[in-house]
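# Coordinate inspection notes
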2 protein chains.
Amino acid sequence: MVRTRVIPLAEQLLDTLGEQGYRSTSPRKAVTQAIAAKQGHFTAEQLRQQLPGVGRATIYRSLKLLVDSGALCRVLLEDGNLHYQLSHQGHHHHLLCVECGSSQDLLGCDIEDLLRQVSAAHRFQLSGHWLEVYGRCYDCLPKAATG
Amino acid sequence: MVRTRVIPLAEQLLDTLGEQGYRSTSPRKAVTQAIAAKQGHFTAEQLRQQLPGVGRATIYRSLKLLVDSGALCRVLLEDGNLHYQLSHQGHHHHLLCVECGSSQDLLGCDIEDLLRQVSAAHRFQLSGHWLEVYGRCYDCLPKAATG
DNA sequence: ACCATAATGATACCTAGTCTCGTTTAATAT
DNA sequence: ATATTAAACGAGACTAGGTATCATTATGGT
Ligand SMILES: [Mn+2]
Ligand SMILES: [Mn+2]
Ligand SMILES: [Zn+2]
Ligand SMILES: [Zn+2]
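Now for a quick tour of the structure. Worth saying up front: this structure is predicted, and the values here are computed from it rather than measured. (Residues numbered from 1 in each chain as written. Chains lettered and ligands numbered in written order. Predicted model: local features only at pLDDT ≥ 70, side-chain atom pairs only at ≥ 80, totals over all residues. Heavy atoms only, no water.)

What follows is about the protein's contact with DNA strand C. In the region of DNA strand C, 22 residues are neighbours, and Arg56(A), Tyr60(A), Tyr84(A), Thr25(B) and Thr58(B) sit closest. Within the backbone of Ser24(A), an N or O atom sits 3.0 Å from a phosphate oxygen of DNA strand C. Within the side chain of Arg56(A), a nitrogen or oxygen atom sits 2.4 Å from a base oxygen of DNA strand C. Only helix 4 (56-69) and strand 2 (82-86) of chain A together with helix 2 (26-36) and helix 4 (56-69) of chain B provide two or more residues apiece to the surface near DNA strand C. Sort the elements by how many residues they give to the surface near DNA strand C and helix 4 of chain A lands first, with 5 residues. Classifying every residue of the surface near DNA strand C gives 7 nonpolar, 6 polar and 9 charged. (Near = heavy atom within 4 Å. Polar contact = N/O pair within 3.5 Å; in protein donor to acceptor, adjacent residues only side chain to side chain. Helix = DSSP H or I, 4+ residues; strand = E, 2+ residues; numbered from the N terminus. Nonpolar A, V, L, I, M, F, W, Y, C, P; charged D, E, K, R; others polar.)

In this section: the sheet that holds strand 4 (residues 103-106) of chain A. With mixed pairing, the 6 strands of this open sheet are ordered in space as 4(A)-3(A)-5(A)-5(B)-3(B)-4(B). With partners counted over all chains shown, the strands left at the sheet margins are strand 4 of chain A together with strand 4 (103-106) of chain B, one partner each. This sheet shows a mean twist of 20° between the axes of neighbouring strands, independent of strand direction. Pairing between strand 5 (residues 125-136) of chain A and strand 5 (residues 125-136) of chain B: 11 bridges, direction antiparallel. Following the sheet pairing, Gly128(A) is matched in strand 5 of chain B by Tyr134(B). Sitting on the sheet, helix 5 (residues 111-121) of chain A touches strand 3 (93-97) and strand 5 of chain A together with strand 3 (93-97), strand 4 and strand 5 of chain B, and the angle it makes with strand 5 of chain A is about 125°. Where helix 5 (residues 111-121) of chain B meets the sheet, it contacts strand 3, strand 4 and strand 5 of chain A together with strand 3 and strand 5 of chain B, and its direction lies at approximately 130° from that of strand 5 of chain B. (Pairing = 2+ DSSP bridges. Axes fitted to C-alpha atoms, helices over the stretch in contact; angles between N-to-C directions. Contact = heavy atoms within 4.5 Å.)

The next thing to look at is the coordination of the zinc ion (ligand 4). Residues and elements named next belong to chain B. Taken together, Cys-97 (SG), Cys-100 (SG), Cys-137 (SG) and Cys-140 (SG) make up the full set of protein donors to the zinc ion (ligand 4), lying 2.2 to 2.4 Å away. Classification of the site at the zinc ion (ligand 4) as tetrahedral follows from its 4 donor atoms and the range of 102 to 117° in their angles at the metal. The sequence motif formed by the donor residues of the zinc ion (ligand 4) is C-x2-C-x36-C-x2-C. Taken together, the residues Cys-100 in the loop between strand 3 and strand 4 and Cys-137 in the loop between strand 5 and helix 6 (141-144) connect sequence positions 37 residues apart. Owing to a relative accessible area of 44%, Cys-100 belongs among the partly exposed residues under this scheme. The exposure class assigned to Cys-137 is buried, which follows from its relative accessible area of 6%. (Donors = N, O, S within 2.8 Å, 3.2 Å for Na, K, Ca; no water. Tetrahedral: all angles 85-135°; square planar, octahedral: opposite > 155°, others 65-115°. Buried < 20%, exposed > 50% of the residue type's maximum accessible area, 1.4 Å probe, protein only.)

Residue and element names in this part refer to chain A. The full count for this structure, using the stated rule, is 6 salt bridges over all chains. As a salt-bridge pair, Glu-112 and Arg-116 come within 3.4 Å of each other at their nearest N and O atoms. Taken together, the positions of Glu-112 and Arg-116, both in helix 5 and 4 residues apart, correspond to about one turn of that helix. According to the relative accessible area criterion, Arg-116 is partly exposed, its value standing at 45%. (Salt bridge = Lys/Arg side-chain N within 4 Å of Asp/Glu carboxyl O.)

If you look at the interface, chain B gives 31 residues, while chain A gives 31 residues. Summed over both sides, the interface of chain B with chain A buries roughly 2900 Å², with 65% coming from carbon and sulfur. Our count for the chain B to chain A interface comes out at 12 residue pairs in polar contact (both at pLDDT 80 or more). For the side of chain B that touches chain A, the secondary structure elements donating two or more residues are strand 3, strand 4, helix 5 and strand 5 of chain B. Here the side of chain B that touches chain A takes 12 residues from strand 5 of chain B, the largest share from any one element. Looking at the side of chain B that touches chain A, its residues break down into 18 nonpolar, 8 polar and 5 charged. (Buried area = accessible area lost by both parts, 1.4 Å probe.)

With that out of the way, let us pick up the packing of helix 1 (residues 9-19) of chain B against helix 2 of chain B. Residue and element names in this part refer to chain B. One can describe the packing of helix 1 onto helix 2 by two numbers: an axis separation of 8 Å at closest approach and a directional angle of 130°. Relative to helix 2, the element helix 1 is oriented oblique. Considering only the axes of helix 1 and helix 2, their crossing is right-handed. Of helix 2, the residues touching helix 1 (which contributes Leu-9, Ala-10, Leu-13, Leu-14 and Leu-17) are Arg-28, Lys-29, Thr-32, Gln-33, Ile-35 and Ala-36. (Parallel < 35°, antiparallel > 145°, perpendicular 65-115°, else oblique. Left-handed = near helix turned anticlockwise from the far one by under 90°.)

The environment of DNA strand D is formed by 21 residues, the closest being Thr25(A), Thr58(A), Arg23(B), Glu45(B) and Arg56(B). Expressed as a percentage, the sugar and phosphate content of the atoms of DNA strand D within 4 Å of the protein is 68%. Take Glu45(B): an N or O atom from its main chain is 3.4 Å from a phosphate oxygen of DNA strand D. Contributing elements (two or more residues each) for the surface near DNA strand D: helix 2 (26-36) and helix 4 of chain A together with helix 4 and strand 2 (82-86) of chain B. Among the elements that make up the surface near DNA strand D, the one with the highest residue count is helix 4 of chain B (4 residues).

Let us look at the coordination of the manganese ion (ligand 2). Residues and elements named next belong to chain B. Every protein donor of the manganese ion (ligand 2) is accounted for by Cys-73 (SG), His-92 (NE2) and His-94 (NE2), and the metal-donor separations fall at 1.9 to 2.5 Å. Along the chain, the residues donating to the manganese ion (ligand 2) are arranged with the sequence spacing C-x18-H-x1-H. For His-92, a relative accessible area of 10% corresponds to the buried category. Given a relative accessible area of 3%, His-94 falls into the buried group.

Here's what the structure looks like:
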């Protein structure tokens, strides 16, 4: 029987950085642990207030590393505020609930094909896109229903 | 023969505000004239440097009014910087060239239908979305071509 | 001309970063 | 274990995009 050690998410994040040659420092441990404990998305500022012992620049540096590595993704809320959240690796989008703020990942989205067609019609060479989708999640529908 | 007076764009912008009950003030005239003279997109900061006589808050307030009225739209560049530009009224998207920074409006985009289907599959009630498309415009393709 | 109030600019404050620079720390070679 | 050295750090200044407050001014309507 193989003893499977459950690697906490924080260690996974740290390992992700380690694989890219980044050192395992105590500020980075603090940041990854705080992120791993989070539910849903959060702002850099929230993280900062939660970790007063970690320098501001270090928090932003860590966030950047994690975004670049694909472990975190950036989420643009409808009010314009930028949040971060744990990411499914690879390109994807979010269904953001404007009631409760929850976020569902949109994985199998064939928007690429559509954009490729539209771009071609404009003689535009597509290289990337940014998409956020706003609305109400299933749990929040009853609240907004009138009839 | 009807004498058609060419209303400058700046006046149109001011009229748009006027129709909503906003007063025609000299700071607003300065802002709308500066915007009307712009080619393509611009940042709030650029506008501010161009109008040192107008208070910072007033510039941001004016931008907000014009965005809310639909006369201006916000454009998120790939680098994360937010720009403004004169808008075709109504919802639309942009094809943003990462080489020259130009922006083409994407008017007849059927992404709504696609999003509606995808949202329904996630039991999500769609209310809005934000989309920016990045790539190279036709004029910039030769520069990037290798063969 | 007068008046109510909309709008303004100054200022302070906030969020989100970036950059520099002198100090600390982690990985690694001995 | 210790020395080396580059990576990483925190402090602090700076940029950029905003918002909130508030005393003063200007506008539009009578
Ligand atoms: Mn995501
Ligand atoms: Mn537009
Ligand atoms: Zn919800
Ligand atoms: Zn171009």
